[in-house]
Amino acid sequence: MEVMESQASAVCHGVLAGMCNKTGNMLEKSVENKKQLVEAGSRGILQIVKESQQQHGLRHGDFQRYRGYCSRRLRRLRKTLNFKMGNRHKFTGKKVTEEILSDNRYLLLILMDAERAWSYAMQLKQEANTEPRKRFHLLSRLRKAVKHAEELERLCESNRVDAKTKLEAQAYMAYLTGMLRFEHQEWKAAMEAFNKCKTIYEKLANAFTEEQAVLYNQRVEEISPNIRYCAYNIGDQSAMNELMQMRLRSGGTEGLLAEKLEALITQTRAKQAATMSEVEWRGRTVPVKIDKVRIFLLGLADNEAAIAQAENEETKERLFESLLSECRDAIQAVREELKPDQKQREHSLENDSGKVSNIQYLHSYLTYIKLSTAIRRNESMAKSLQKALLQQQRSEEDGKRTPRPQDLIRLYDIILQNLVELTQLPGLEEDKNFQKETGLKTLVYKAYRCFFIAQSYVLVKKWSEALVLYERVLKYAREVRSGAGAYMNSLKELPDVQDLITQVNAEKYSLQASAILGELHNHTGPLSERFETFCLDPSLVSKQVSLVHFPPGFQPIPCKPLFFDLALNHVAFPPLEDKVEQKAKSGLTGYIKGIFGFKS
């Protein structure tokens, strides 16, 4: 009986556990279904697509992960809607019709089909760089995505769908069509499709809230380079300049156009480089025979202009890094040419009395560009840190580390190291003007470095050290002003030392006041001990005023005197010999004599 009862109990527990799991799954699915119904009905197509992409892989460019998400979501939707395509043994095709559009999730079903095909195409595009055969499969998947988008657009023509969703379906269809035509290099058809998509999203951006308008405008910015690229291939030569400006402003492109645009810019610069044979720097003309160096020098002006027109510090930093990377590649190409020419270069050094070869001088020129760009980048970073430091815009509540003077000191250390490397470039040792300009720049950056070292001492209330450093800043600034007569043009781009002098003078007065107040605040003790000293003591107006020490401390008092008889050393005592002898006789011998009757 006990065995049967235990078996029955186990069966009951198993049934209950199964029922609980099944109920939990049903509740979870119902919640998900309601969520899908809400998002399909209340949110637009573009918002659903963008959120799904950002949350499931495309933030890091992982198209395979996003494709897997689309497949899983399609399976859940079909199971929820009971819209199964047969069973595991037989496929039975079904199509969504207008009659069953009472549930908005049927539109979401078509949308996920298109997204899955598109994500697979983008995954194949990444892999096609090393396996060209996959390009055919890529085009097949894009055609499949366009087919699903056409079906979505057709279904959205129903009266059951609102006007906003109809427009978004048309824009989505135009976007995928443009991508397909772009891959087929049908430039005119692709540009028409992208223009249609751009027009719809611009109208939607003007018709709805600012939050939704941001999403639509982002899509417009994504497809604008594609439109200009199509226009260039059709024959609009002005589109090339616009493409390069778009690329430079954004610090690089992504997605469908990235590889094509980079190849086009390289090809255009290569054509221009064919006509470039030499470069002049500091009065010396040097032939340029390396193609990579020619391409870099031709694009240098465009990169400089883009840096000057950068809208924010993040874009400027990205452009600086891109320019430095290209410069390093050009320097590496020159170094490879220098290796076989090493013996010849050493021989020319001996014969030409220290004059470096053309290839070595070109290497010095490229190194000068690299170091100057690094100095400008660090100076730009220092300026942004100074603004944050002086205005104190960031607070501890933001969770970000507050900038400190030590951060600026590190940047100026790097700048000074770069200036030292500039003075050591081969071929410029005898250039007095260059050495003088570099020396003045060094003094300017030394002054700023010294200023922020003084600021760091002020923070720890080391007033005397800070005051000495401020005097050193003024010394450097005066040297710059006295020696900058003929070199004012070369110092225009540097920080103004006059502003630094004004700021240092103000800081000195502030420093002296802080030192005095710091000494006054250091006075401690009761009021009775500092009547003649001014001190800002807030405790004097409080309930616990320190007037005197209480309880009073122990104080020394004179003790009772001790008397010593010094005259005793000078007193002459009377002789006592007779008394001492009698006393000796009356000792043990006298006692014996007394017993036996002997007397003296």
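In the annotation of an unreviewed UniProt entry, the entry for the chain reads Signal recognition particle subunit SRP68, and the organism field reads Amazona collaria. As recorded by UniProt, the Function (unreviewed entry) comment attached to the chain reads in full: "Component of the signal recognition particle (SRP) complex, a ribonucleoprotein complex that mediates the cotranslational targeting of secretory and membrane proteins to the endoplasmic reticulum (ER). The SRP complex interacts with the signal sequence in nascent secretory and membrane proteins and directs them to the membrane of the ER."

(A) Examining the layout of surface pockets more closely. The calculated volume of the second largest pocket comes to roughly 670 Å³. Around the second largest pocket, the lining comprises 27 residues; the ones closest to its centre are S372, I375, R376, E379 and E493. Residue assignment for the lining of the second largest pocket shows that the elements contributing at least two residues are α11 (291-308), α12 (313-338), α14 (358-391), α15 (405-423) and α16 (432-459). The dominant element in the lining of the second largest pocket, judged by the number of residues it contributes, is α14, at twelve residues. A class-by-class count of the residues in the lining of the second largest pocket yields twelve nonpolar, six polar and nine charged.

(B) Structural view of the pairing of strand β1 (residues 278-281). By the alternation rule, side chains of β1 split into V279 and W281, which are all buried, and E278 and E280, of which none is buried. Counting the residues in the hairpin turn of β1 and strand β2 (residues 284-287) gives two residues, including R282, whose phi is positive at 55°.

(C) Structural detail: the packing of helix α6 (residues 163-183) against helix α8 (residues 210-234). Across the interface, α6 lies against α8 with an axial gap of 12 Å and an inter-helix angle of 25°. Judged by the inter-axis angle, α6 sits roughly parallel to α8. Judged by the sense of rotation from one axis to the other, the crossing of α6 with α8 is left-handed. Between α6 and α8, the contacting residues are K164, E168, Y175 and F182 on the first element and Q212, Y216, R219, I223, N226, Y229 and C230 on the second.

(D) Molecular detail of the packing of helix α2 (residues 45-55) against helix α4 (residues 105-127). Contact geometry for α2 and α4: axes closest at 12 Å, N-to-C directions at 50°. With respect to each other, α2 and α4 are oriented oblique. At the point where α2 passes α4, the crossing takes the right-handed sense. Touching I45, I48, V49 and Q53 of α2 are L108, L111, E115 and W118, all from α4. Its residues assigned to classes, the contact of α2 with α4 shows six nonpolar, one polar and one charged.

(E) Geometry of empty space enclosed by the protein. Counted according to the given criterion, the structure contains two cavities of 30 Å³ or more. Size it by volume and the second largest cavity reaches roughly 40 Å³. Contributing to the lining of the second largest cavity are G44, L46, Q47, K164, E168, Q212, L215 and Y216. Tallying contributions element by element places α8 first for the lining of the second largest cavity, with three residues. In terms of residue class, the lining of the second largest cavity is made up of three nonpolar, three polar and two charged.

(F) Inspection of unusual backbone geometry at higher detail. Of note in the backbone geometry, Q185 takes a positive phi value of approximately 60° without being a glycine. For Q185, the position within the fold is in the loop between α6 and α7 (187-207). Look at Q185 and you get partly exposed, because its relative accessible area is 47%.

(G) Summary view of the pairing of β2. Residues of β2 alternate between two faces, with R284 and V286 buried on one and T285 and P287 left unburied on the opposite face. In this sheet, β2 lies alongside β1 in antiparallel orientation, the contact comprising four bridges. The residue of β2 that forms the bridge with E278 is P287.

(H) Fine view of the environment of E465. The topology assignment puts E465 in helix α17 (residues 463-483). Take E465: its relative accessible area is 34%, and that puts it in the partly exposed class. At a separation of 3.0 Å, a polar atom in the side chain of E465 contacts the side chain of S464.

(I) The side chain of Q123, seen in detail. Structurally, Q123 is set in helix α4. Note on Q123: relative accessible area 7%, which makes it buried. Among all residues touching Q123, those that are not within four sequence positions of it are F63, Q64 and R67.

(J) Expanded view of the nonpolar core. Core analysis: the biggest nonpolar cluster contains 68 residues, and V293, F296, L297, L362 and L366 have the highest contact counts within it. A total of twelve residues in this core trace back to one element, the largest contributor, which is α16. Setting aside residues up to four positions removed in sequence, F296 forms contacts with L323, E326, C327, A330, L366 and I369. Within the second largest apolar cluster, 64 residues are counted, among which are M122, A145, L152 and Y216.

Scoring rules and cut-offs
Residues numbered from 1 in each chain as written. Predicted model: local features only at pLDDT ≥ 70, side-chain atom pairs only at ≥ 80, totals over all residues. Heavy atoms only, no water. UniProt positions renumbered as here; feature names shortened; annotations may be inferred. 1 Å grid on protein atoms, 1.4 Å probe; cavity = no way out; pocket = protein on both sides within 12 Å on 5 of 7 lines; lining within 4 Å. Points joined across faces, edges and corners; volume = space filled by probe spheres on them. Helix = DSSP H or I, 4+ residues; strand = E, 2+ residues; numbered from the N terminus. Nonpolar A, V, L, I, M, F, W, Y, C, P; charged D, E, K, R; others polar. Buried < 20%, exposed > 50% of the residue type's maximum accessible area, 1.4 Å probe, protein only. Pairing = 2+ DSSP bridges. Axes fitted to C-alpha atoms, helices over the stretch in contact; angles between N-to-C directions. Parallel < 35°, antiparallel > 145°, perpendicular 65-115°, else oblique. Left-handed = near helix turned anticlockwise from the far one by under 90°. Contact = heavy atoms within 4.5 Å. Polar contact = N/O pair within 3.5 Å; in protein donor to acceptor, adjacent residues only side chain to side chain. Core = buried A, V, L, I, M, F, W, Y, C linked by side-chain atoms within 4.5 Å.

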